[in-house]
Amino acid sequence: MEIKEEFSEQFEAVDGAEETKESVSNSAEERIAELTKQLENVMVRLELLLAGADKECLEEGARLAEGLCKAGNTPAEAAAEVVAEYPHLKAVRRELPQFSAQSGGSDDGFAAIRSIFAKK
């Protein structure tokens with residue numbers, strides 16, 4: 001009987017090890033799935049920025065683009081489509097006036113000052 005009990009303890013230990021192995025395998029798969037989702041999210045955000053999306057509208061654009069990615073589009077295609085379909089997400093680029101005291105042009109900010117102090 002002792003041998004039977006000894007083997008039953010070993011079988012229980014093996015069963016416990018298999019359960020632990022399965023739980024570790026499941027948790028590793030869950031972690032891989034989570035990291036894959038995060039990577040896709042980062043890729044979508046990067047493609048949105050490269051497509052010209054405004055950084056303040058990035059969350060909204062990312063949600064829209066992720067929906068398109070689930071439909072089978074690549075992050076670049078999804079970002080381009082989102083920026084094209086929703087122009088309010090696009091960053092507005094303003095032209096800032098260039099000031100230079102050396103410039104001789106009449107359209108810079110110092111033209112009026114130079115005309116006042118110009119020698120006549």
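Read on for an overview of the structure. (Residues numbered from 1 in each chain as written. Predicted model: local features only at pLDDT ≥ 70, side-chain atom pairs only at ≥ 80, totals over all residues. Heavy atoms only, no water.)

Our next topic: a nonpolar patch on the surface. A cluster of nonpolar residues, Ile113, Ile116 and Phe117, forms a patch on the protein surface that exposes about 360 Å² of accessible area. As for its position among the elements, Ile113 is in helix H4 (residues 111-117). (Patch = residues over 30% accessible without salt bridge, like charges linked within 9 Å, V, L, I, M, F, W, Y side chains within 5 Å. Areas by Shrake-Rupley, 256 points an atom, 1.4 Å probe, with all protein chains shown as cover. Salt bridge = Lys/Arg side-chain N within 4 Å of Asp/Glu carboxyl O. Helix = DSSP H or I, 4+ residues; strand = E, 2+ residues; numbered from the N terminus.)

We now examine the layout of surface pockets. The calculated volume of the largest pocket comes to roughly 180 Å³. Forming the walls of the largest pocket are Lys37, Glu40, Asn41, Val44, Glu66, Cys69, Lys70, Asn73 and Pro75. At the level of elements, helix H1 (2-50) and helix H2 (58-70) are the ones that each hand at least two residues to the lining of the largest pocket. In terms of residue class, the lining of the largest pocket is built from three nonpolar, two polar and four charged. (1 Å grid on protein atoms, 1.4 Å probe; cavity = no way out; pocket = protein on both sides within 12 Å on 5 of 7 lines; lining within 4 Å. Points joined across faces, edges and corners; volume = space filled by probe spheres on them. Nonpolar A, V, L, I, M, F, W, Y, C, P; charged D, E, K, R; others polar.)

If you walk through the whole model with that rule in mind, you get two salt bridges. Between Arg31 and Glu34 there is a salt bridge, with the nearest N and O atoms lying 3.2 Å from each other. Here Glu34 and Arg31 lie together in helix H1, a separation of three residues that amounts to about one turn. Residue Glu34 is classed as partly exposed on the basis of its relative accessible area, which comes to 41%. As a salt-bridge pair, Glu59 and Arg45 come within 2.5 Å of each other at their nearest N and O atoms. With Glu59 in helix H2 and Arg45 in helix H1, the pair connects residues that are 14 residues apart, well separated along the chain. Here Arg45 falls in the partly exposed class, since its relative accessible area comes to 22%. (Buried < 20%, exposed > 50% of the residue type's maximum accessible area, 1.4 Å probe, protein only.)

What follows deals with helix H3 (residues 75-85). The set of residues buried in H3 consists of Pro75, Ala78, Ala79, Val82 and Val83. All buried residues of H3 fall inside an arc of 125° around its axis, so they share one side. The exposed set on the far side of H3, more than 90 degrees from its buried face, consists of Ala84 and Glu85. (Arc of directions from axis to C-beta.)

On to the nonpolar core, then. Membership of the largest hydrophobic core is limited to 12 residues, which are Val44, Leu48, Ala53, Cys57, Leu58, Ala62, Ala65, Ala78, Ala79, Val82, Val83 and Leu89. Of all the secondary structure elements, the ones that give two or more residues to this core are H1, H2 and H3. Here this core gets four residues from one element, more than from any other, and that element is H3. Setting aside chain neighbours within four positions, we find Ala53 in contact with Leu48, Val83, Leu89, Lys90 and Ala91. (Core = buried A, V, L, I, M, F, W, Y, C linked by side-chain atoms within 4.5 Å. Contact = heavy atoms within 4.5 Å.)

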